[in-house]
Structures are given as structure tokens and as C-alpha cells.
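Chain by chain, the residues run as shown.
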Amino acid sequence: MSSALENQVESYNVLFLCTGNSARSIMAEAYLNSLPGRPFKAYSAGSHPAGKVNPVALDVLRTAKLSTEGLRSKSWDEFEVSGAPKMNFVFTVCDNAAGEVCPIWPGQPMTAHWPFADPAAFEGSAAGKHAFFLDVFRQIRTRIDIFTNLPLRSLDKLALQKKLGDLGRGVVGAA
């Protein structure tokens with residue numbers, strides 16, 4: 001049986017989608033791009049971008065000693081145009097984006113819904129909000145760590161799609 005990613009690519013492009021592209025998708029992009037020696041290039045976008053990155057998300061990334069250079073809230077339209085990077089994986093990270101009609105991505109990337117609570121919607125003290133952002137970031141890191149350790153080149157398409165979906169449902173042992 002052939003692997004899901006038959007063309008043995010040197011790297012995989014991953015797009016994280018969320019409605020506002022200001023927190024969860026941004027943190028996922030920054031974290032995946034920070035992993036040394038991994039064959040991934042991460043991007044993020046939103047269906048209705050907020051226009052700016054949430055300052056608490058930036059603070060959490062800086063606390064984790066991750067680069068915030070070049071991070072910006074942007075529309076998923078940027079990835080539909082000619083010359084845009086071809087995606088191998090597209091993950092929605094919020095419930096709103098999962099319910100929206102997504103564009104048809106060139107190359108038919110593998111897709112999955114990985115829901116995370118919206119830290120930007122947290123109501124409470126500044127310390128409580130920061131703690132909530134940290135918790136969501138920890139969840140994102142864990143899911144990405146499992147994803148990046150999947151044997152992508154040896155899994156057939158159905159097995160890989162199941163594992164990606166299992167990750168979104170928080171199924172232990174998805175790897």
C-alpha cells in the first residue's frame with residue numbers, strides 16, 4: 001500500500017486556521033516553526049482575521065523563548081493565490097473555522113480539526129487570562145509534538161487521516 005505522502009518531500013507545509021488568526025493559530029505556527037531538525041514549515045491564517053496578533057499570545061511565545069518575528073494576523077485568501085505555498089496539511093484549531101466552508105486547497109492536503117478553547121475569550125483577571133493562554137499553548141505544543149513524531153512517510157492515506165483526526169479528538173496513543 002502506498003504512503004499518504006508518496007512524493008518524498010524534503011519538507012511539509014502546514015497551515016493552521018482559525019477565525020481571527022490572532023492567538024491559537026499564531027501560537028501553533030510559531031511553535032511548529034521553532035522545532036529544530038523537523039521537516040515542517042508552518043503558516044497560519046484566518047477566515048476573518050482580527051488584523052493584529054493578541055498581545056497575550058505574543059507574551060506567551062516570548063515567555064517560551066520563541067520568535068515572534070514576522071507573525072501577523074492574515075486572511076486565508078493569501079494561501080489561495082498563485083504562487084502561494086502548497087499545503088500538505090491544513091488544521092483548523094477553533095470551532096468557528098471548523099464550521100465554515102474552507103477554500104479548496106490546491107494539492108488536496110490532509111486536513112483535520114484540532115479544537116482548542118479560545119484564550120482570547122477568557123474573562124477574568126490579567127493573571128488568569130495569561131494562565132489560560134499558557135494552558136492552551138501547552139495543549140497546542142503537545143498535539144504538535146505528537147504530530148511531528150508520526151511516521152508520515154510510512155502511513156497510508158487512510159491511516160494518516162485517522163491519526164490526524166484522533167489527535168483532534170485528544171485520543172491518547174494517536175502516534
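Everything numeric in this text was worked out from a predicted model, so none of it was measured.

Draft legend 1. Here's a closer look at the overall build of the chain. For the chain, the count of helices and strands is five helices and four strands. Order of helices (α) and strands (β) in the chain, N terminus to C terminus: β-α-β-α-β-α-β-α-α. The buried share of the chain, taken over its 175 residues, is 46%. Considering only contacts in the chain between residues 6 or more positions apart, those separated by 24 or more positions represent 70%. Split by element, the accessible area of the chain, about 8,800 Å² in all, is 53% carbon and sulfur.

Draft legend 2. Geometry of the packing of aromatic side chains. The final tally for this structure, using the stated rule, is 13 aromatic pairs. An angle of 90 degrees between the planes, with centres 6.0 Å apart, marks the rings of Tyr31 and Phe137 as edge-to-face. Remark: Phe137 occurs in helix H4 (residues 126-148) and Tyr31 occurs in helix H1 (residues 24-34); sequence separation between them is 106 residues. For the pair formed by Tyr31 and Phe137, the shared burial category is buried. Ring geometry for Phe91 against Phe147: centres 5.2 Å apart, planes inclined by 80 degrees, an arrangement best described as edge-to-face. Residue Phe91 is located in strand E3 (residues 89-92), and its partner Phe147 is located in helix H4; the two are separated by 56 residues in the primary sequence. With respect to class, Phe91 is no different from Phe147; both count as buried. Here the aromatic cluster, defined as three or more aromatic residues joined through ring pairs, consists of Tyr12, Phe16, Phe40, Phe89, Phe91, Trp114 and Phe147.

Draft legend 3. Structural detail: the packing of helix H2 (residues 55-63) against H4. Between H2 and H4, the least distance of the axes is 10 Å, while the angle of their chain directions is 60 degrees. The chirality of how H2 crosses H4 is right-handed. Within the contact between the two elements, H2 uses Val56, Ala57, Asp59, Val60, Leu61 and Thr63 and H4 uses Lys129, His130, Phe133, Leu134 and Phe137. Taken together, the residues that form the contact of H2 with H4 break down as seven nonpolar, two polar and two charged.

Draft legend 4. A look at H2. The set of residues buried in H2 consists of Val56, Ala57, Leu58, Val60 and Leu61. Among the structural elements, H1 and H4 are those in contact with the buried residues of H2. Capping of H2 at its N-terminal end is provided by Asn54; its side-chain oxygen lies 2.8 Å from the backbone amide nitrogen of Val56. Just beyond H2, the residue with positive phi is Lys65, at close to 60 degrees.

Draft legend 5. Region of interest: the pairing of strand E1 (residues 12-18). Extensive coverage of E1 is indicated by the burial of seven of its seven residues. Burial of E1 is two-sided: the residues Tyr12, Val14, Phe16 and Cys18 facing one way and the residues Asn13, Leu15 and Leu17 facing the other way are all buried. Here E1 runs beside strand E2 (residues 40-46); their pairing, made up of seven bridges, is parallel. Paired with Val14 across the bridge in E2 is Ala42. A crossover connection joins E1 to the parallel E2 through H1; in handedness this β-α-β unit is right-handed. With four bridges connecting them, E1 and E3 associate as parallel partners.

Draft legend 6. Structural detail: the side chain of Lys74. With respect to the helices, strands and loops of the structure, Lys74 is situated in the loop between H2 and E3. Within polar-contact distance, the side chain of Lys74 engages the backbone oxygen of Ser44 at 3.0 Å. Polar side-chain contacts of Lys74 include one of 2.9 Å to the backbone oxygen of Arg72. Each residue touching Lys74, except ones within four places of it in the same chain, is listed here: Asn21, Glu29, Ser44, Ala45, Gly46, Pro49 and Phe79.

Conventions we followed
- Residues numbered from 1 in each chain as written.
- Predicted model: local features only at pLDDT ≥ 70, side-chain atom pairs only at ≥ 80, totals over all residues.
- Heavy atoms only, no water.
- Helix = DSSP H or I, 4+ residues; strand = E, 2+ residues; numbered from the N terminus.
- Buried < 20%, exposed > 50% of the residue type's maximum accessible area, 1.4 Å probe, protein only.
- Contact = heavy atoms within 4.5 Å.
- Areas by Shrake-Rupley, 256 points an atom, 1.4 Å probe, with all protein chains shown as cover.
- Phe/Tyr/Trp six-rings, centres within 6.5 Å; stacked < 30°, edge-to-face > 60°.
- Axes fitted to C-alpha atoms, helices over the stretch in contact; angles between N-to-C directions.
- Left-handed = near helix turned anticlockwise from the far one by under 90°.
- Nonpolar A, V, L, I, M, F, W, Y, C, P; charged D, E, K, R; others polar.
- Polar contact = N/O pair within 3.5 Å; in protein donor to acceptor, adjacent residues only side chain to side chain.
- Pairing = 2+ DSSP bridges.
- Right-handed = clockwise from strand over helix to strand, strands pointing away.

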